[in-house]
Structure formats: structure tokens, C-alpha cells
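The chain contents come next:
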Amino acid sequence: MPYETDYTNQGFTKVGTRVNRPDGVDKVTGRAKYGADANAAGQLVGRVLRSPHAHALITKIDTSKAEKLPGVKAVLTGKDFPDLTGGNRGLMDILENCMARGRALYDGHAVAAVAAIDADTANKALKLIKVTYKQLPHVTDVDEAIKPGAPIIHDWVRTAGVTPAPTTASNVAQRSEFGHGDVDAGFAQADVIIEKSFKTEQTHQGYIEPHACLATLGPDGSGELWVTTQGHFTFRNVCASLLGLEVAKLKVTSSEIGGGFGGKTHVWTEPVALQLSRKANRPVKLVMSRDEVFRATGPTSSTSVDVKIGAKRNGKITAATAELRYQSGAFPGMWAMFGAMTSFACYDLKNVKSVGFDVLVNRPKVAAYRAPSAPMAAFAVESVVDMLAAELGMDAVDFRIKNAAKKGTKASYGPVYGPIGIGPTLDAVKNHPHMKRKLGKNQGRGVACGFWFNFGGQTCTDLNIGVDGSVNLTVGTVDVGGSRASLALIAAEELGIDYEQVRVTIGDTNSLGHNDTTEGSRGTFSSGMATIFAARNAVDVLKQRAAATWDIPVEQVIWEAGEARAKGRQNNNLPPLSLKEIAAKSPRTGGPIAGHNEVVADGAGVSFASHMCDVEVDPETGATKILRYTVVQDAGKAIHPDYVEGQFQGGAAQGIGWALNEEYIYGDDGRLQNAGFLDYRIPVCSDLPFIDTQILEIPNPNHPYGVRGVGETSIVPPLAAIGNAVSNAVGVRMTHVPMSPPRILNAIETAKE
Amino acid sequence: MEVQLAGILSQAAGGARCVECTGATIGELLQSLVLRYPEMQMHLDEGVAVAVNGEIYRDRRDQPIPINADVFLLPRIQGG
Amino acid sequence: MNGVTVSAKVNGDAVQYVCPADESLLDVLRNRLNLTGVKEGCGTGDCGACSITLDGRLVCSCLVLGAEAEGREIGTVEGLSEGGKLHPLQEEFIEKAALQCGICTPGFLVAAKSLLERNPNPTEEEIRYALAGNLCRCTGYDKIVRAVQSAAKIMRRGKKVAR
Ligand code: FES
Ligand code: FES
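All values reported here derive from a predicted model rather than from experimental measurement.

Some thoughts on the overall build of chain A
Now for step 1: Looking only at helices and strands, chain A has 19 helices and 27 strands in total.
Now for step 2: In terms of overall size, chain A behaves like a compact globule, its C-alpha atoms giving a radius of gyration of 27 Å where 753 residues would be expected to give roughly 27 Å.
Now for step 3: Taken over the C-alpha atoms alone, chain A extends approximately 90 × 75 × 55 Å along its principal axes.
Now for step 4: Considering chain A as a whole, with its 753 residues, one finds that 65% of them fall into the buried category.
Now for step 5: As displayed, chain A offers around 25000 Å² of accessible surface, 50% of which is attributable to carbon and sulfur atoms.
Now for step 6: Taking the 77 positively charged and 78 negatively charged side chains of chain A as two groups, their mean positions are separated by 2 Å.

Written out as C-alpha cells, the structure reads:
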């Protein structure tokens, strides 16, 4: 099948090579400093007291005994956080999530905090705080929370997105609808219609590094925050708004980050640590325990989704609908909306409608998790797509190819696509040797597609050339998985110098303009774009210096292969000047040479992936083994293929965990029962095979190098790919993720009856 | 020009999925939208994205909108 | 504070510290000896980020008391490289891009070194089971296993040359 590639490949010399990352040595020797690795003279230990109840009124908090304990320097409750949000509901939700205000909304909700001279004293102080609770009825299941008579989480919530606007409180915070065409007419044309309901359980991003920060805030309102975060500029702005500080007076430095996947895009205890520091007038180090990480940060939504798709005998889909119910925890979210937007994005559909319902429950505030909300929608849709193909007697891949979106397709969420990669990924799957592997007894194969938007955002980058010709590149996006190497490659490419000559630093909030959070797969995309422009800026200066040295007009100077060259026959006697030579003379030719760029990097380019996997299910135990797994994804242009593959493999592994094991288990009492890595089991080394990858490069026309974001899409297809594989292996359609052994056995049993 | 409103944004326009608007840039478009539908301001404050001929813009108010462009107003997307 | 005075060796050097009787060796290493290369991911023995060797045996330092280290030999990631030279495992982790965020890396390196000391020529399966106590959330383990395989090869070759 021919595809649009109206954006031709460029020749690169640095970009696309597999160089060693600049922070590698620091990270293999233990020298790299993460969130919990910084210390300050006189620092205190911060600790947070958390609600053991799913939903309760806090009638009284007595902190007097704790305050009197020797070594305790500050105690805080909700009262210590005056409302400075100016009626901004979103900010208020963040504040209330950081510290309860009269009501505990989930098991793990912070109700008080202390700062003391050591951990021992801080822990003792927590025990001395007496909180009087009046328990309220709670609800933790997304479908239960919608039912009439369910306990209402917030009496001020009216369902947005319905006309006329409702007048009574509801746990449905928002209804959002997307689509086009006439689905009823579409279904009327269908020869076959499949309709099915699915559930997915709540999972955690599971970064290995717990949240940690070192906060210093003086009585004069100026302070510093060292923190593990995906967005230090955003953290600065949010903390400043919540605590009434001037943005410029709070310096936030992002530490090395031990994984985030979206979970470190939101503030949790950082405002609390700053406030403790202000009260005690000493630095406060606050590190979460793993139990706290599970109970009070992260997770993604648990969901319940109904999908209906109809098709003609010839394999063309005529209509598709989805209703998606996502819980957002105890505060309103937009997660079902993202689910509704992404659900049918892979397909070219005339008649499509998806409706999302964002639902409140007594669980932690849901945070973004890698392509947030897309994996659950894909699980439901891609399962039904497989069922439909089977019903039509068509190959599941051919069926997808026949209906795949392409350039010019009106996306189910609205706009029309430019050049996209869903078709090519499916073709690659079809022709992949993986598909020819013979399946044995109890084995099954599954294929699924996935989509994610990606985005760019505000970016600011500085490039400074030293007198020896080495280059310092300062960026404001956090390096979550090797982006420093990629950005150094880009700078080296533009300047025409060696990769080793470039040193990349993540600037703190005082050294650069605002940079949006490193989310939406934007790190290499947007900082890469700003780096290109900053480098071109610097090249302009280099050319001017060369022109001045030669005493010729700058128009006669070109930049090639890392040196200034004088054009034209009259300049034949002028030998080229290398970057090093120009830099060495810079103190006398006009001072330091630098390039700078600030940009809103739009046009990140949507991204598609197709995954295939083979599984074997033990019919006695219900245990599933992944035999082979292959990821095919469009990267636009892979700047550093190792780290692109790494993103593909990491996303797939997280998806595998989600599909087979990982889930939040709540008891009837509304308490989380498995807040630890022993009972919340993420995949370990022996659970997985090597994960094959194939990088496709369908250049993004909006990026000078054709780059697309790559970080997130890889987590979208696995739930469905494995769901399809397991269903094929056991001969029963799996509709509930994770497909843990008991669930698989149950499905087999039920089918027998 | 016609602007299509996705998801909850249509509620701010009294339930209309598609409204008539003017503006040579994204900024002008949003301005004229708020003039007609004051409730839209809340969504603009929370952040929206504008798709012009399939290209999604988040914070570029000076982005020109060609004549007869396919314009879509979307809620802003968050990532991981 | 009821302190215990402890004398031990860390990465070959003699150290002395005082710690409460119930303080973990992990906290001692990080907070008293400033060896923050040893990471804490859970504090309950489930993630392996705090892996060290105690008299050559691989343990989770969060499950050992500081007081228990009396008279013993502790090995951490900080002791892996010799002088200015990185250990082959360290080299190969960088070379094979076996780390993304890197928080799990110190634990993996210590665990892998301990494996290769016991078994210089492990199969893929043996590597996967030996490292099953170390969690990595970023990489899907693919490049980690390859880095260990390749370091093992280099180390075997090195031994032959030495002989
Ligand atoms: S911190 Fe010791 S095993 Fe996790
Ligand atoms: S590299 Fe991030 S946890 Fe392993």
C-alpha cells in the first residue's frame, strides 16, 4: 500500500547514531543526585499523617501533644493553608489534595504534617496527633458511584457538558461527547454488529523513586525547592500560587528523576514541605514511603467501557460507538474525555460517537499515566475490532488495514489528519517474522493498535559556546530517559561539531524562561526544536564573527561542517575558520557567543503504534506467560534509536503488567489493601522476554528534523494485544483487566457452563 | 468561518456543535468566541487547543487561520 | 538515642559509625556515610534498589540493621569501579543504554556483579532469575539483560587473557 511521504528524508551525520549518554558515568557510579539525595545544613525531617478512612468528616485535630514533643519544630493541618486560590477550582482541588480541609476524601488523604529533628521524633509526633473522625459512607467503584443513592463525594459538583445544566449534585463531574456522522444510520447499514462491555482496574505509574524534596522557605517569602519532578517550572508556579509567594522568589531545581510517567507532573507534598519549612524556618526534607506513594499519589483511572461496532460483509466499518466511564478519584478530572477522544482515533469512520463520563469516587486524585486514558479505551475498542474480524471471517490485521485512518481522514475527535503512521505500522506487523511463528497448544496471538496525541508546549533553551569551542546547552525540560543525549546530538548536528563537545544541563527555574512540564512526549520534540533554533542563532553570530575577522560582508559567509567558509572567488585566499578558532578569538571579537530560543513548540505530530504478542496460558492455574512481544511504532525521526527503543520497551512492559497483574485492590472498608511492591506486583525480569522493536520513520512535517513524540504511545496497545492473545489462547473473550490467573480461570469456567 | 466545538465546549455555546465566528488568527478567533459566548471564558482559562486544518495549536494566539480552514476547538490535553 | 557503635569496612575502607539499634543499614549508608548511590525504592525488601553485598553476599540493605554490620565487609555501587576504570558491567550498562532514569541501576549493577562472580557464563534465563529481585520500571529489562550478557562475555575474555 503506498503512503504519503511528502516530507523527504534529510541526511544526518550525528542524529540517529547510538552515542553514550552524557550522564551515564554519574548514574552507574552512584554519583547522580536524585530527589532524596540532597541535604542541607540544619535540615529537618518532614512526615505526613494520613487518613485511614475512605471518607470521613474531620471533627477535630489535636496537635498539642505533638507540638510539645522535644525536637518537633513545626506541625501543620489544613488550617495552616489559607485559601489563596482566588476562586480557582482547579487550584483549590490541588490544595485540598495536599492537605484535607475538614474532610478526608480517601484512604491516604493527608490530614496533618510535622517537621522534626530526626525521623524517629517525626514518627513519634505523628502518633501524638489526635484526629477525631466521623466516618461517612464511601464508594470506590466507578459504576457504583454513578448509581442513584451513591454517596455524593462533593455536593458542589454539577455534571458539566449536559444541557440543560443539572441543578442537583452528582458524582459525574463531566460528560463529553465526540464524533461525527449518523451512527444510527451507520448501524442500519451494518451486516454484523458486535457490542460488549469491559472493565479495567486502577494501576499506578510505579516509578521506583518515591516522591522526595528538600524545601527551604524563609520568613521573607523567598525559598528554594530541590525536587524530583517532571516540571519544575510548573511546580514553582503552583507552589507559589498556593502559598502566596512571588514566582521569581522561589527557585525550583529538578533533581535527577527516578521515573515519573506522568505521576511527577503534579504536586503532592511539595507545598506541605515548603510550608513546614516556613513555619520552622529551617530546611525540610520530605521523602514519601512506598506505602504513601501508592495510597496518595499517581494512579490512573479504573474504568468501565461499552463498545459497539458494526461492519459490512466486505469488512468496512459502518458505525462505532463507545460509552466510557472513568473514575478520577476524589476530585474532578478530564480522564474519560481523553478516553473518548482517543478511542477510535486509529480508524477512518464515517459514523462515530464516543461519550465519556468522568466520575468521582473515594480514591486518590487520578494523575496522568503515560498516554493517559488511552490504554483502557484501546482495550475495549481493539477487543471488539478483533471479535468483529472473527465474525466476518477476516484476518484481524487485514481488517484493521482496511479501516485504518490515513492522511485526510477526519479523526473521531474532530480534526483532519496530516501524514500519519497507522497504516505503515500495520503493514509492518503483517510482514513481520513474528507473525509467522508457529503457535503451540494453549498459545494465542494478539494484535492491537494504539494512538496518542503528543504535544509540544512552551520551551526555552540557551546555548553558550566556551572559548575552547565546547558547548553548553541549557534546557528546561527534565531528562526522564536519555533526552540529554538526544539534545546534544541535535546541537552537534546543527553546529557541525562532535557530540562530545556538547554538554547538556537541565536549568533550574532561575536560569531559564518558563518551560512546560515534560509530559505528552514533548521532551525531545520541543526542546529539540528550541535547540535547533538556538543553535542556528549561534551560527549567525559565528558567521558574523568570521565575517568581521575576514573583513568581508556576512552574506559571503556560509556555515558548513562546523566551520565558517567564505564564498566567492574573491575570497579564495581565506581559509575556513572552525568553531573552535572563532570561539578562541571571541573575547576580542565581541564577547561570548550564544544562541537562545523561546518557542511554543506546536505540531508535535500524533503517533501510532501496532503491537503483536504471543502468550501461553496454563489452563490449570490460569497463569499467562508472554512468549514473544513486538512493538512497531512511528517515531517520525529517531534522534537516538537506543532511547527510542527503550521508550517502546518500557511502555510495553508497563502495559504487560497492567494487562496481567497490576491492580489496586480496595476492601469493603474503602481501604487500599495492596499498597506495596509485594502485593502490587509490577513485572520483574523473569516475567518478560526480550521485547522486539521496529522503529518506523514517517517524518513529522512540523519539526525541522521530522521528530514526533515517542514516549507514551507504547503503553496504549498492550492491554488489548494481550487481551486478544489470551482470548485466542483460551477460546473465551477476556473483558476484565488485569487478566490475573483467577480471572482467567473464572472466564474459562463460566464459558464451560 | 465555521468553528466546530468538541466535547464540553459545545455546552458553553448553548449546546451548538458548530458556530459562526470571525478572526484572522487564533487569538482573534477566541476573542470573538468569548464575545458571543461569555461562558467560553472559563474553558479558555482552563486551556483549549485549536486544530487548524488538522494541526493542533495550544498556545499560539498569533497563528494565522487561512480562509476556509477546517477549525476545531478542543479541550486541552494532558500527558504523562 | 541509644546508639550502637559499629566498626565495619565499606568498599575496602574502614569506617566507624554510631546508629540507633533499630536503624537500617540502608539509612546508615545513605545518611551517616553519605553513600547515596544506594537507593531506597520501598524499604521493605521488594525492589532491590538498595542492593549491597555483605561479606560478598547479595542483600537488601533496607532489611539489614546498621548494627548487624559490625566487623563485616560491605560492598556498594560506589566501590564497583577501580581507580579511574569502570567495571565492565558499568561500561556495558552505558554502552547498551541499559538505563533510562537510572534509579534502579546501582542495585542492578551490584546484583549482576554478584551473579557473575558465582556464574561467569549465565544463560539468559539464569540472568533473568538472578535479577528478579530488582525492579526496573523504565526499560522492560531488555537492554539490562543484554548489558549483563555482554559484560559477562568481556569479563570471561579478560580472565583468559590474564591467564
Ligand atoms: S529499598 Fe530495599 S528492597 Fe526496596
Ligand atoms: S531505569 Fe528507571 S527504574 Fe530502571
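Here we look at the state of the cysteines
Now for step 1: Overall, the coordinates contain zero disulfides over all chains when judged by the stated rule.
Now for step 2: Sulfur of B:Cys18: no disulfide; nearest cysteine sulfur belongs to B:Cys21 and is 9.9 Å away.

Notes on the pattern of salt bridges
Residue and element names in this part refer to chain A.
Now for step 1: Following the criterion strictly, the structure yields 53 salt bridges over all chains and no others.
Now for step 2: In this structure, Glu246 and Lys249 form a salt bridge, with 3.3 Å as the shortest nitrogen-oxygen distance.
Now for step 3: In this structure, Lys637 and Glu697 form a salt bridge, with 3.5 Å as the shortest nitrogen-oxygen distance. Placement of Lys637 in the loop between strand E25 (624-634) and helix H17 (641-660) and of Glu697 in the loop between strand E26 (691-696) and helix H18 (718-730) is noted, with a sequence separation of 60 residues between them.

With respect to the environment of A:Ser686
Now for step 1: The topology assignment puts A:Ser686 in the loop between H17 and E26.
Now for step 2: Along the chain, A:Ser686 and A:Asn171 lie 515 residues apart, while their C-alpha atoms are 42 Å from each other.
Now for step 3: Other than its neighbours up to four places away in sequence, A:Ser686 contacts A:Lys625, C:Arg128, C:Tyr129 and C:Ala132.

Here we look at the sheet that holds strand E4 (residues 103-104) of chain A
Residues and elements named next belong to chain A.
Now for step 1: Strand order in the open sheet formed by three strands is E4-E2-E6, with antiparallel pairing between adjacent strands. Unpaired on one side and paired on the other, E4 and strand E6 (130-135) mark the two borders of the sheet.
Now for step 2: Sheet analysis places strand E2 (residues 56-62) next to E4, joined by two bridges and oriented antiparallel. Looking at the pairing, Ala56 lines up with Ala104 of E4.

Considerations on the interface of chain A and chain C
Now for step 1: Every contact between the two is made by 50 residues of chain A and, on the other side, 44 residues of chain C.
Now for step 2: Summed over both sides, the interface of chain A with chain C buries roughly 3900 Å², with 57% coming from carbon and sulfur.
Now for step 3: The interface formed by chain A and chain C holds four salt bridges in total.
Now for step 4: Here A:Asp37 ties to C:Arg30 by a salt bridge, and the two come within 2.8 Å at their closest N and O atoms.
Now for step 5: If you look at where chain A meets chain C, you find 22 residue pairs in polar contact (both at pLDDT 80 or more).
Now for step 6: Counting residues per element, the ones that place at least two in the side of chain A that touches chain C are helix H1 (24-29) and H17 of chain A.

Some points on unusual backbone geometry
Residues and elements named next belong to chain A.
Now for step 1: Cis geometry marks the peptide bond from Thr163 to Pro164; its omega dihedral reads -5°.
Now for step 2: If you trace the backbone, Pro164 turns up in the loop between helix H5 (142-146) and strand E7 (172-180).
Now for step 3: That bond from Val737 to Pro738 is cis: its omega, 5°, falls within 30 degrees of zero.
Now for step 4: Among the secondary structure elements, Pro738 is positioned in the loop between strand E27 (736-737) and helix H19 (741-752).

Considering the arrangement of the chains
Now for step 1: For the two pairs of chains in contact, the maximum contact count is reached by chains A and C.
Now for step 2: Here chain B and chain C are not in contact; the least distance found between their C-alpha atoms is 13 Å.

Focus on empty space enclosed by the protein
Residue and element names in this part refer to chain A.
Now for step 1: On inspection of all chains with the given rule, the structure shows ten cavities of 30 Å³ or more.
Now for step 2: Of the pockets and cavities examined, the largest cavity occupies roughly 510 Å³.
Now for step 3: Considering the residues around the largest cavity, the lining is formed by 35 residues, among which Val480, Ser521, Gln647, Val710 and Gly711 are closest to the centre.
Now for step 4: Of all elements in the fold, only helix H14 (483-495), helix H15 (523-550) and H17 reach the threshold of two or more residues within the lining of the largest cavity.

As for the environment of A:Val504
Residue and element names in this part refer to chain A.
Now for step 1: Note on placement: Val504 falls in strand E19 (residues 502-506).
Now for step 2: Distance from Val504 to Leu473, taken between C-alpha atoms, is 4.7 Å for residues 31 residues apart in sequence.
Now for step 3: Residues within four places of Val504 in sequence aside, it is in contact with Leu473, Val475, Arg484, Leu487 and Ala488.

Some points on the packing of aromatic side chains
Now for step 1: Evaluated as defined, the whole model comprises 17 aromatic pairs over all chains.
Now for step 2: Between the aromatic rings of A:Tyr413 and A:Phe451, the centroid separation amounts to 5.6 Å while the plane-to-plane angle is 35°, which identifies the pairing as tilted. With A:Tyr413 in the loop between helix H12 (396-403) and helix H13 (422-431) and A:Phe451 in strand E16 (residues 443-452), the pair connects residues that are 38 residues apart, well separated along the chain.
Now for step 3: Ring centres of A:Tyr417 and A:Phe608 lie 5.9 Å apart, and the angle between their planes is 75°; on these two criteria the pair is classed as edge-to-face. Of this pair, A:Tyr417 sits in the loop between H12 and H13 while A:Phe608 sits in strand E24 (residues 607-617), placing them 191 residues apart in sequence.
Now for step 4: When its relative accessible area of 6% is taken as the criterion, A:Tyr417 is described as buried.
Now for step 5: Members of the aromatic cluster, each reached through a chain of ring pairs, are A:Tyr413, A:Tyr417, A:Phe451, A:Trp452, A:Phe453 and A:Phe608.
Now for step 6: For C:Arg146, the ring lying beneath its charged end belongs to A:Phe690, and the centroid distance is 3.9 Å.

Describing the interface of chain A and chain B
Now for step 1: With 46 residues of chain A at the interface, the matching set in chain B holds 25 residues.
Now for step 2: Summing both partners gives a buried area of about 2500 Å² for chain A against chain B, and 57% of it is carried by carbon and sulfur.
Now for step 3: Sorting the residues of chain A by area buried against chain B places A:Pro415, A:Phe455 and A:Asp602 first, and these three jointly supply 21% of that buried surface.
Now for step 4: Two residues, B:Arg17 and A:Glu177, come together in a salt bridge whose shortest N-O distance is 3.4 Å.
Now for step 5: Split by residue class, the side of chain A that touches chain B holds 21 nonpolar, 17 polar and eight charged.

Digging into the packing of H15(A) against helix H16 (residues 579-589) of chain A
Residue and element names in this part refer to chain A.
Now for step 1: As a packed pair, H15 and H16 sit with axes 10 Å apart at the nearest point and diverge in direction by 75°. On the basis of the axis angle, H15 is roughly perpendicular to H16. Facing H15, whose interface residues are Leu542, Arg545, Ala546 and Thr549, H16 presents Leu579, Ile582, Ser586 and Thr589.
Now for step 2: When its residues are assigned to classes, the contact of H15 with H16 shows four nonpolar, three polar and one charged.

Section: the domain arrangement of chain C
How big an interface is tends to be stated in terms of the accessible area lost upon association of its parts.
All names here are of chain C.
Now for step 1: Per the domain assignment, the segments of chain C are domain 1 (4-79) and domain 2 (88-162).
Now for step 2: When each unit is reduced to the centre of its C-alpha atoms, the spacing between domain 1 and domain 2 is 22 Å.
Now for step 3: Listed per partner, the contact involves twelve residues of domain 1 and eleven residues of domain 2.
Now for step 4: Here domain 1 and domain 2 share an interface that buries about 910 Å² over both sides, 64% of which is from carbon and sulfur atoms.
Now for step 5: Across the domain 1-domain 2 interface, the total number found is zero salt bridges.
Now for step 6: For the pair domain 1 and domain 2, the interface holds four residue pairs in polar contact (both at pLDDT 80 or more).
Now for step 7: Considering every element that reaches the side of domain 1 that touches domain 2, the biggest residue donor is strand E3 (residues 51-54), with three residues.

Here we look at the nonpolar core
Side chains of a nonpolar character, in soluble globular proteins, are inclined to be buried together.
Now for step 1: Within the largest apolar cluster, 163 residues are counted, with the highest numbers of intra-cluster contacts made by A:Ile309, A:Tyr413, A:Tyr417, A:Tyr629, A:Ile722 and C:Phe93.
Now for step 2: Top element by residues in this core is helix H11 (residues 374-392) of chain A. It accounts for 13 residues.
Now for step 3: Residue contacts for A:Tyr417: discarding those within four places in its chain leaves A:Ala345, A:Ala405, A:Lys406, A:Lys407, A:Gly408, A:Thr409, A:Ala411, A:Phe451, A:Val606 and A:Phe608.
Now for step 4: Judged by nonpolar contacts, the second largest core, of 47 residues, contains A:Leu473, A:Ile497, A:Leu577 and A:Ile582.

Rules behind the numbers
Residues numbered from 1 in each chain as written. Chains lettered and ligands numbered in written order. Predicted model: local features only at pLDDT ≥ 70, side-chain atom pairs only at ≥ 80, totals over all residues. Heavy atoms only, no water. Helix = DSSP H or I, 4+ residues; strand = E, 2+ residues; numbered from the N terminus. Rg over C-alpha atoms; globule rule 2.2 N^0.38 Å. Buried < 20%, exposed > 50% of the residue type's maximum accessible area, 1.4 Å probe, protein only. Areas by Shrake-Rupley, 256 points an atom, 1.4 Å probe, with all protein chains shown as cover. Lys, Arg positive; Asp, Glu negative; His and termini not counted. Charge placed at Lys NZ, Arg CZ, Asp CG, Glu CD. Disulfide = S-S within 2.5 Å. Salt bridge = Lys/Arg side-chain N within 4 Å of Asp/Glu carboxyl O. Contact = heavy atoms within 4.5 Å. Pairing = 2+ DSSP bridges. Buried area = accessible area lost by both parts, 1.4 Å probe. Polar contact = N/O pair within 3.5 Å; in protein donor to acceptor, adjacent residues only side chain to side chain. 1 Å grid on protein atoms, 1.4 Å probe; cavity = no way out; pocket = protein on both sides within 12 Å on 5 of 7 lines; lining within 4 Å. Points joined across faces, edges and corners; volume = space filled by probe spheres on them. Phe/Tyr/Trp six-rings, centres within 6.5 Å; stacked < 30°, edge-to-face > 60°. Lys NZ or Arg CZ within 6 Å of the ring centre and 35° of its normal. Nonpolar A, V, L, I, M, F, W, Y, C, P; charged D, E, K, R; others polar. Axes fitted to C-alpha atoms, helices over the stretch in contact; angles between N-to-C directions. Parallel < 35°, antiparallel > 145°, perpendicular 65-115°, else oblique. Domains from an automatic or database assignment. Core = buried A, V, L, I, M, F, W, Y, C linked by side-chain atoms within 4.5 Å.

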